[in-house]
Amino acid sequence: MNDQLARLTAQGKGELPNVSPKDAASLIIIDRSGPEAKVLLGRRHEGHKFMPGKFVFPGGRVESLDRLMPAASELDARTEARLLARSGRPSSGKARAFALAAVRETFEETGLMLGVKDGQAPKSPGGLWTAFAQEHVHPDLAPMHFVARAITPPGRPKRFDTRFFAVDAEAVAHRADGVIGPDAELVELVWIPIAETKRLGLLTITTVVLEELEARVVAGMSHDLPVPFYRMLNRRFVREML
């Protein structure tokens, strides 16, 4: 882990005025059906000012409606506890909002709906969640694994306090067409073995989270496993276990 911290520290030296990090969530869809675990990454449009052309996990800021979306199941109690550790104003609603934001952002950016599909439409609070109701897809939180948390270092133009989740590819309940394309936020999606992701020139934090995920897969992907929390203290990145 020393190499990981060195990489993050080296990239954490900014000179811009400090801004407060916004709560965000990101989702790694993992396919473990073959001999090698593969993950889904999307390449951002070159025209974006933020991370142009980079391969990333789908994700974004937590929105107020995320707390209100009903789910087929709730978070595992161990996952909820770790999501709320070192968190201001902890509550079950806040914890589930992180997970639901990851599900919503994944749909918005990839067209993939994660959850359980049946004959009943969930009660949508509005926004993009209306599409889930139309397709009778209920977000399913119990299978979601909390794998890492990271706060963007000070001195960056945008800062996020991001919770990274992972879920099995079998959780994909619906695919919407026309979301990925040359004029979209993500111009392509790739399924790639974790061991091969380094050739994509990923952001340091993306590489670090993938290394954490790979170790988690080897350890059995249990909700009992601790979750690493990366942040900067006294001008150095630290890795704390939640």
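Residues numbered from 1 in each chain as written. Predicted model: local features only at pLDDT ≥ 70, side-chain atom pairs only at ≥ 80, totals over all residues. Heavy atoms only, no water.

**A closer look at the nonpolar core**
In step 1: By size, the foremost hydrophobic cluster in this structure holds 35 residues, and its most contacted members are L27, I29, L114, F132, M144 and F165.
In step 2: Of all the elements in the fold, those that place two or more residues in this core are β1 (22-31), α2 (77-84), α3 (92-110), β5 (112-114), α4 (129-134), β8 (145-151) and β9 (160-168).
In step 3: Residue contributions to this core peak at 8 residues, all from α3.
In step 4: For M144, the contacting residues outside a window of four places in its chain are L27, T79, A99, A102, V103, F165, A166, V167 and H223.
In step 5: Listed in part, the 23 residues of the second largest apolar core include I30, A150, L200 and L213. (Core = buried A, V, L, I, M, F, W, Y, C linked by side-chain atoms within 4.5 Å. Buried < 20%, exposed > 50% of the residue type's maximum accessible area, 1.4 Å probe, protein only. Helix = DSSP H or I, 4+ residues; strand = E, 2+ residues; numbered from the N terminus. Contact = heavy atoms within 4.5 Å.)

**Describing the pairing of strand β2 (residues 38-44)**
In step 1: Taking burial as the measure, the 7 residues of β2 include 5 buried ones, the bulk of the element.
In step 2: Pairing between β1 and β2: 2 bridges, direction antiparallel. Residue pairing for β2: I30 is matched across the bridge by V39.
In step 3: Hairpin connection, β1 to β2: the antiparallel pair is bridged by 6 residues.
In step 4: Pairing between β2 and strand β11 (residues 186-193): 7 bridges, direction antiparallel. By the bridge assignment for β11, K38 is matched with P193.
In step 5: Bridge count for β2 against strand β3 (residues 55-56) is 2 bridges, and the pairing is antiparallel. Opposite G42, over in β3, you have V56 as the bridge partner. (Pairing = 2+ DSSP bridges.)

**Comments concerning the packing of aromatic side chains**
In step 1: Counted according to the given criterion, the structure contains 4 aromatic pairs.
In step 2: A ring pair is formed by F57 and F164, whose centres lie 6.2 Å apart and whose planes are at 80 degrees; its orientation type is edge-to-face. With F57 in the loop between β3 and β4 (59-61) and F164 in strand β9, this pair connects stretches of sequence that are 107 residues apart. Grouping residues by exposure puts F57 and F164 together as buried.
In step 3: Here the aromatic rings of W129 and F132 are separated by 4.8 Å at their centres, their planes lie at 50 degrees, and the arrangement is tilted. Taken together, the residues span about one helical turn, with W129 and F132 both in helix α4 at a distance of 3 residues.
In step 4: Clustering of aromatic rings is evident, with ring pairs tying together F107, W129 and F132.
In step 5: Its guanidinium or amino end placed over the ring of F229, R149 lies 4.1 Å from that ring's centre, counting from NZ or CZ. (Phe/Tyr/Trp six-rings, centres within 6.5 Å; stacked < 30°, edge-to-face > 60°. Lys NZ or Arg CZ within 6 Å of the ring centre and 35° of its normal.)

**So, empty space enclosed by the protein**
In step 1: For the coordinates displayed, the defined rule picks out 1 cavity of 30 Å³ or more.
In step 2: Reported here for the largest cavity is a volume of approximately 50 Å³.
In step 3: Together, R78, T79, R82, H145, F146, R216, S222, H223, L225 and V227 line the largest cavity.
In step 4: Of all elements in the fold, only α2 and β8 reach the threshold of two or more residues within the lining of the largest cavity.
In step 5: Of the residues forming the lining of the largest cavity, the biggest block, 3 residues, is contributed by α2.
In step 6: Taken together, the residues of the lining of the largest cavity break down into 3 nonpolar, 4 polar and 3 charged. (1 Å grid on protein atoms, 1.4 Å probe; cavity = no way out; pocket = protein on both sides within 12 Å on 5 of 7 lines; lining within 4 Å. Points joined across faces, edges and corners; volume = space filled by probe spheres on them. Nonpolar A, V, L, I, M, F, W, Y, C, P; charged D, E, K, R; others polar.)

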